[in-house]
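# Summary of the model geometry
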Amino acid sequence: GAKALGIADKIGSLEVGKFADMIIVDTTSVNMIPMYDVLSHLVYCNERSNVTDVWVQGNQLMEKRRLCTIDVAKVKKQCQKNFEKLKQVIAAK
């Protein structure tokens, strides 16, 4: 694909200097057993909860199911704050 698009120098393989997105999947979960065909299982049986680690363009975004680049507690707090404001707006109408 990358070669056909003329961008094999940027993507298409895991090499230093190339863009790379990669995940690690926990294949020991119940939904992944029995593992009779790895590719088939990744396509048809894998769930988002099976993904443990994520890298995008070489940057790790999730490690051991924990987000690395987002302060989850801060986001939750802001969401709750926004929800409370929204409730007030709706109640005022």
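Structure: above.
The paragraphs below set out a description of the structure included in this document. Worth saying up front: this structure is predicted, and the values here are computed from it rather than measured.

Of regular secondary structure, the protein possesses 3 helices and 4 strands. Of the regular secondary structure in the protein, the N- to C-terminal order runs α-β-α-β-β-β-α. On C-alpha atoms alone, the protein measures out to a radius of gyration of 20 Å, which is more than a quarter above the 12 Å that the 2.2 N^0.38 rule sets for 93 residues. Looking at the protein residue by residue over its 93 residues, the buried ones come to 17%. The centroid of the 14 positive side-chain charges in the protein is displaced by 12 Å from the centroid of its 10 negative side-chain charges.

Close approach of charged atoms allows side chains with opposite charge to pair. On inspection of all chains with the given rule, the structure shows 4 salt bridges. Between lysine 10 and aspartate 9 there is a salt bridge, with its nearest N and O atoms 3.7 Å apart. A salt bridge links lysine 18 to glutamate 15, with the shortest nitrogen-to-oxygen separation between them at 3.2 Å.

Further remarks concern the side chain of asparagine 50. Examined against the element boundaries, asparagine 50 turns out to sit in the loop between helix H2 (38–44) and strand E2 (51–56). A residue is classified by how much of its surface remains accessible, and asparagine 50, at 1% relative accessible area, is buried. A distance of 3.2 Å separates a polar atom in the side chain of asparagine 50 from a polar atom in the side chain of serine 29. Polar side-chain contacts of asparagine 50 include one of 2.9 Å to the side chain of asparagine 31. Non-local contacts of asparagine 50, meaning those with residues more than four positions away in its chain, are made with Ile24, Val25, Asp26, Ser29, Asn31, Met32, Cys45 and Arg65.

Another aspect to go through is the side chain of aspartate 53. Secondary-structure assignment places aspartate 53 in strand E2. No salt bridge is formed by the buried aspartate 53, whose closest oppositely charged neighbour, lysine 64, lies at an N-O distance of 7.3 Å. Here the side chain of aspartate 53 touches lysine 64 through a polar contact of 3.2 Å, landing on its backbone nitrogen. Excluding residues that lie within four positions of it along the chain, aspartate 53 makes contacts with Met22, Ile23, Ile24, Gln60, Met62, Glu63 and Lys64.

We now examine the sheet that holds strand E4 (residues 66–67). Taken in spatial order, the 4 strands line up as E1-E2-E3-E4 in an open sheet, and their pairing is antiparallel. Every other strand in the sheet has two partners, leaving strand E1 (22–25) and E4 as the edge strands with one partner each. Two strands pair when backbone bridges link them, and strand E3 (residues 59–63) and E4 are joined in this way by 2 bridges, in the antiparallel orientation. Its bridge partner being in E4, methionine 62 is matched across the sheet by leucine 67.

Scoring rules and cut-offs
Residues numbered from 1 in each chain as written. Predicted model: local features only at pLDDT ≥ 70, side-chain atom pairs only at ≥ 80, totals over all residues. Heavy atoms only, no water. Helix = DSSP H or I, 4+ residues; strand = E, 2+ residues; numbered from the N terminus. Rg over C-alpha atoms; globule rule 2.2 N^0.38 Å. Buried < 20%, exposed > 50% of the residue type's maximum accessible area, 1.4 Å probe, protein only. Lys, Arg positive; Asp, Glu negative; His and termini not counted. Charge placed at Lys NZ, Arg CZ, Asp CG, Glu CD. Salt bridge = Lys/Arg side-chain N within 4 Å of Asp/Glu carboxyl O. Polar contact = N/O pair within 3.5 Å; in protein donor to acceptor, adjacent residues only side chain to side chain. Contact = heavy atoms within 4.5 Å. Pairing = 2+ DSSP bridges.

Interpretation in functional terms is not warranted from these geometric data alone.
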